[in-house]
Amino acid sequence: INAEYMGTQNTKHPNQPTMSQEVQFKGYACKGKGEALAPWSYTPRPLGDEDVEIKISHCGICHSDIHTLDSGWGPTTYPVIAGHEVVGTVTAKGKSVSHLSVGDRVGVGAQVWACLEKQSCKTCNVGADNHCPRIVYTYNSSYEDGALAYGGYQEQVRVSSHYAFKIPDGLPSDASAPLLCAGTTVYAPLARAGVKKGTRVGVVGIGGLGHFALQFASKMGADVTAISTSVNKKDDAIKLGAHNFLVSSDPAAVKKAARSLDIIICTVADNIDYSLYLGLLDFDGKFVMVGLPEGAISFAPFDIVARRISVSGSAIGSIQEIKDMLQFAADHKIVAWMQKMPMSQVNEGLALVRANKPRFRIVLEN
């Protein structure tokens, strides 16, 4: 989005609907912490010159949705419509949108806007727009004109066209929806780390994010170890691409696996024994957090100093990383293992995710 468009967010323009013409978008909103989602409608922001309007066909349920619905990562602005694994069809576009057409099948992830001002924004200048200080997330976030962003648990949505990504042919709409958040979140750090044939990759947690990490890492040529607290998901992990399976609750197995990995992608959102997992890394190993516990984490400095281990985090993906991820997924037939439910059963879907029942994603369908 350029500076010209930034101006249109705060001023009236000829195409902006009058009050008598205003449309209502309908979705399922949470109106307070601990409350069930219920039908709710709102007046959307006017369609800007660089925006698109999307009729939503599918939306995945992500654990981030639950953290937000529960105010687990900080205070949530209610009512909130969650959902940031969106697939649908472009039904309208602003006059400056040239790379998308009405009728295109597109996906939207966890971000709907960034300044993209390369001369004044350090992160956007280096292609890290997902770290833009002025970022607008897909929900529980505000545009610079004060309008709130609402997510994918609804019938339609308006977003910046830069964050609506064409879904490659060959990727089904339902099973590709979770790629927009979960897929991107694990693909981006693997790609940035240069994972290739011979890289020893560990994936902690075999859930929504982890089942994608296993697929991407194996298709990149890595030697992949799935790490879980029990053997319950071993068969699934092997089918997803794991070459090895480590039970982290088995002290003898953990001891034998010491210094056996080059990079670990940690997908769990619980506070775990970080010292145990850091001990699995070899010299110059990398521990990347993509699952975000609600509290503080801790480990001893000696867990990382002796082997020059780095601990880092990774948040979703940039515009280019999402495009690359979608193409890689299409080329290698990577999709979500998922259970599909009607959008009207969003509360039932959330309950299943809270209970860790899905293998490995719930996708809502309009």
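Residues numbered from 1 in each chain as written. Predicted model: local features only at pLDDT ≥ 70, side-chain atom pairs only at ≥ 80, totals over all residues. Heavy atoms only, no water.

### Quick word on the side chain of Ser71
As for its position among the elements, Ser71 is in the loop between helix H2 (63–69) and strand S4 (86–93). With residues up to four places along the chain from it excluded, the contact list for Ser71 reads Lys33, Thr76 and Tyr78. (Helix = DSSP H or I, 4+ residues; strand = E, 2+ residues; numbered from the N terminus. Contact = heavy atoms within 4.5 Å.)

### Topic: unusual backbone geometry
Each neighbour pair has its own omega, and for Tyr78 with Pro79 the value is -5 degrees, a cis peptide bond. Following Arg359, the chain continues into Phe360 via a peptide bond in cis, with omega recorded as 10 degrees. Secondary-structure assignment places Phe360 in the loop between helix H12 (346–354) and strand S19 (361–365). Phi angles above zero are rare outside glycine, and Asn140 is one such case at about 55 degrees. Inspection of the secondary structure assignment puts Asn140 in the loop between strand S7 (136–137) and strand S8 (141–142).

### Brief notes about the environment of Ser275
Within the secondary structure layout, Ser275 lies in helix H9 (residues 274–278). Leave out the neighbours within four places in its chain, and Ser275 touches Phe299, Ala300 and Asp303. A distance of 2.5 Å separates the side chain of Ser275 from the side chain of Asp303, its partner in a polar contact. (Polar contact = N/O pair within 3.5 Å; in protein donor to acceptor, adjacent residues only side chain to side chain.)

### Topic: the packing of helix H5 (residues 182–192) against helix H6 (residues 208–219)
Packing of H5 against H6 brings their axes to within 8 Å, and their N-to-C directions diverge by 45 degrees. In terms of axis orientation, H5 runs oblique to H6. Here H5 runs over H6; the crossing is right-handed. In this structure, H5 uses Ala182, Gly183, Thr185, Val186, Tyr187 and Leu190 to contact H6, whose residues at the interface are Gly208, Leu209, Phe212, Ala213, Phe216 and Ala217. Of the residues in the contact of H5 with H6, the class split is 9 nonpolar, 3 polar and no charged. (Axes fitted to C-alpha atoms, helices over the stretch in contact; angles between N-to-C directions. Parallel < 35°, antiparallel > 145°, perpendicular 65-115°, else oblique. Left-handed = near helix turned anticlockwise from the far one by under 90°. Nonpolar A, V, L, I, M, F, W, Y, C, P; charged D, E, K, R; others polar.)

### Quick notes on helix H11 (residues 319–332)
In a regular helix each residue adds 1.5 Å, so 14 residues correspond to 20 Å; H11 covers 20 Å between its end C-alpha atoms and thus fits that length. Taken as a whole, H11 has its buried residues at Ile319, Glu321, Ile322, Met325, Leu326, Phe328, Ala329 and Ala330. Those residues of H11 that are buried lie in contact with strand S11 (165–166), H5 and H6. At the C-terminal side of H11, Lys333 shows a positive phi close to 55 degrees. (Expected span 1.5 Å × (residues − 1). Buried < 20%, exposed > 50% of the residue type's maximum accessible area, 1.4 Å probe, protein only.)

### Looking at the packing of H5 against H11
With their axes 10 Å apart at the nearest point, H5 and H11 run at an angle of 100 degrees to one another. The angle between the axes of H5 and H11 places the two elements in the roughly perpendicular class. Across the interface between the two elements, Gly183, Thr184, Tyr187, Ala188 and Arg192 from H5 touch Glu321, Ile322, Asp324, Met325 and Phe328 from H11. Class assignment of the residues belonging to the contact of H5 with H11 gives a composition of 5 nonpolar, 2 polar and 3 charged.

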